[in-house]
Amino acid sequence: MVKFLDLGKVNNRFRAEIDERIASVLDKGWYLQGEENDKFAEHFATYCGTKYALGVANGLDALRLIIKAAGFGVGDEIIVPANTYIATILAISDNGCTPVLVEPDVKTYNINPDLIEAAITPKTKAIMVVHLYGQAVQMEKIWEIAQKYNLKVFEDCAQAHGAYYQGKRVGNLSDAAAFSFYPGKNLGALGDAGAVVSNDKELIDKVKALANYGSDRKYHHIYKGLNSRLDEIQAAVLDIKLPLLDEDNARRREIAKYYRENIINPKIILPQIYDELAHVWHVFVVRTQERDKFQQYLSEQGVQTIIHYPTPPHKQLAYQEWNNRSYPITEEIHNTVISLPISPVMTADEVKQVVEVVNAW
Ligand SMILES: *Cc1c(COP(=O)(O)O)cnc(C)c1O
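Below is a summary of the structure that appears in this document. (Residues numbered from 1 in each chain as written. Predicted model: local features only at pLDDT ≥ 70, side-chain atom pairs only at ≥ 80, totals over all residues. Heavy atoms only, no water.)

## Some details on the pattern of salt bridges
Pairs can form between side chains of opposite charge once their charged atoms are near each other. Scanning all chains against the criterion turns up 21 salt bridges. Salt-bridge contacts for Asp 94 lead to Arg 64; the nearest nitrogen and oxygen are separated by 2.8 Å. Here Arg 64 lies in helix α4 (residues 59-69) and Asp 94 lies in helix α5 (residues 86-94), a separation of 30 residues in the sequence. Here Asp 94 falls in the partly exposed class, since its relative accessible area comes to 45%. Lys 293 is the salt-bridge partner of Glu 290, the closest N and O atoms lying 3.2 Å from each other. One network of salt bridges, in which partners are shared, links Arg 21, Lys 28, Glu 35, Glu 36, Lys 39 and Asp 239. (Salt bridge = Lys/Arg side-chain N within 4 Å of Asp/Glu carboxyl O. Helix = DSSP H or I, 4+ residues; strand = E, 2+ residues; numbered from the N terminus. Buried < 20%, exposed > 50% of the residue type's maximum accessible area, 1.4 Å probe, protein only.)

Shown next, in the form of structure tokens:
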């Protein structure tokens, strides 16, 4: 069987080093806000090309903290793609802000920059882009709009660690960016973990205080904060795995290239790219009108797949107030997408098998 993602295999490549570093954390007896966090933050900022990084508890918190640190709340509107994982939108509404959904470009599945201006009102404060499925958003037009209307730009980089846009990594394309290191992401921890990166010292300091009960020094609480810190053990694991991220992403690109060149089936729509380095293939998403039948067939043939995602945020019970709205492109995408296995630990035989099975449908 071709597994969608063999996480055991992914992490066992680092087993000896992980065992050793976890033992060293245990020996030190220091579990939060210590050397492992400092080291990882420094290395991750360097990787992204940003001046600062800060580990937090998870990706959703990273997003929530950025919005909170920027000072946005009730009455403020934030533009966000309608076609995203719900976490991006939850982070906005959790702060009391109003998410303003904008349809994607059906070629990239990312927010369509041409539709943003029409969504701007006097209450708009920021544009939150999402580099969905691993492909960097083409930022040029978004930067122009942000400048014209004096808006902040934030990035949800949870699916795109290491992707480039115009020679810069995602995370370094905006005022502040959120990463998730959920185990299945391109850089994954052994549990929940996340980070905020930015070039803005004031903002990062505020995120840091907000993530620690709003405290800038012990027992001084300057904000109504949260508790969202990264464990030393998770920071250590991430620091071990980070040096292999580019190689892993390169392997993902190789598999994606093979799929794109060898999957030939008129019923399948393949993903489109505008630049090799802009995509890190967190998932390899194809579309077909008979998605559920296709998934059933693949499962019978021993190929595991996942749907990213079956129901758009505006059709979820959590956003009942939007259930009657229509975002046709987002809905079409959600009704037709299916993700084929892609991961740095897949063997060449497994990749070939996926292609054969898909072509035989
Ligand atoms: C995974 C993900 C998140 C949330 O990250 P967690 O660490 O699971 O909280 C946010 N946005 C997107 C696009 C994601 O894929």
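## Observations concerning the side chain of Asp 105
With respect to the helices, strands and loops of the structure, Asp 105 is situated in the loop between β3 (98-102) and β4 (124-130). Judged by its relative accessible area of 19%, Asp 105 is buried. For Asp 105, the side chain forms a polar contact with the main-chain nitrogen of Lys 107, separated by 2.8 Å. (Polar contact = N/O pair within 3.5 Å; in protein donor to acceptor, adjacent residues only side chain to side chain.)

## Here's the deal with the site of the ligand
In the vicinity of the ligand there are 13 residues, among which Gly 59, Asp 156, Gln 159, Ser 180 and Lys 185 approach most closely. Measuring from an oxygen atom of the ligand, one finds a backbone N or O atom of Leu 60 at 2.9 Å. Residue Asp 156 places a side-chain N or O atom 2.7 Å away from a nitrogen atom belonging to the ligand. Relative to its unbound accessible surface of 380 Å², the ligand loses 90% to contact with the protein. Elements that contribute at least two residues to the shell around the ligand include exactly α4 and α5. Among the residues forming the shell around the ligand, the class breakdown is six nonpolar, five polar and two charged. (Near = heavy atom within 4 Å. Areas by Shrake-Rupley, 256 points an atom, 1.4 Å probe, with all protein chains shown as cover. Nonpolar A, V, L, I, M, F, W, Y, C, P; charged D, E, K, R; others polar.)

## Details of the side chain of His 314
Note on placement: His 314 falls in the loop between α10 (291-300) and α11 (328-336). Apart from the residues within four sequence positions on either side, His 314 is in contact with Leu 101, Tyr 319, Trp 322, Asn 323, Arg 325, Tyr 327, Thr 330 and Glu 331. (Contact = heavy atoms within 4.5 Å.)

## Quick word on the environment of Ile 66
Relative to the helices and strands, Ile 66 resides in helix α4. Spatially, the C-alpha atom of Ile 66 lies 28 Å from that of Ile 329, the residues being 263 residues apart in sequence.

## Side note on the packing of α4 against α5
Relative to each other, α4 and α5 sit at 40 degrees, their axes nearing to 9 Å. Accordingly, the angle class assigned to the pair α4 and α5 is oblique. The handedness of the crossing between α4 and α5 is right-handed. Only Ala 87, Thr 88, Leu 90, Ala 91, Ile 92 and Asp 94 of α5 make contact with α4, whose side of the interface consists of Leu 60, Leu 63, Arg 64 and Ile 67. Here the contact of α4 with α5 is built from residues that sort into seven nonpolar, one polar and two charged. (Axes fitted to C-alpha atoms, helices over the stretch in contact; angles between N-to-C directions. Parallel < 35°, antiparallel > 145°, perpendicular 65-115°, else oblique. Left-handed = near helix turned anticlockwise from the far one by under 90°.)

## Digging into helix α8 (residues 232-241)
Burial within α8 is extensive, with nine of its 10 residues counted as buried. Buried positions along α8 lie against α1 (7-12), α2 (15-28), α3 (35-48) and α9 (245-262).

## A short note on the pairing of strand β5 (residues 152-156)
A large share of β5 lies buried, amounting to four of its five residues. As paired strands, β4 and β5 are joined by five bridges and run parallel to one another. Note that in β5 the partner of Ala 126 across the bridge is Lys 152. Handedness of the β-α-β unit built from β4, helix α6 (residues 140-149) and β5 comes out right-handed. Pairing geometry for β5 and strand β8 (residues 176-180), over three bridges, is parallel. Each bridged residue has a counterpart across the sheet, and for Asp 156 the counterpart in β8 is Ala 178. (Pairing = 2+ DSSP bridges. Right-handed = clockwise from strand over helix to strand, strands pointing away.)

## Side note on the sheet that holds β3
Taken in spatial order, the seven strands of this open sheet run β1-β9-β8-β5-β4-β2-β3, and their pairing is mixed. At either end of the open sheet lies a strand with only one pairing partner, and these are β1 (52-56) and β3. On average, each strand axis in the sheet is inclined to that of its neighbour by 20 degrees, with strand direction left out of account. The pairing of strand β2 (residues 77-81) with β3 spans five bridges and is parallel. Counted as the bridge partner of Ile 78 is Pro 99 from β3. Docked against the sheet, α3 engages β1, β8 and β9 (194-198), running at close to 130 degrees with respect to β1. Its contacts with the sheet put helix α7 (residues 201-210) on β1, β8 and β9, and the angle it makes with β1 is roughly 15 degrees.

Geometry only, nothing functional implied.
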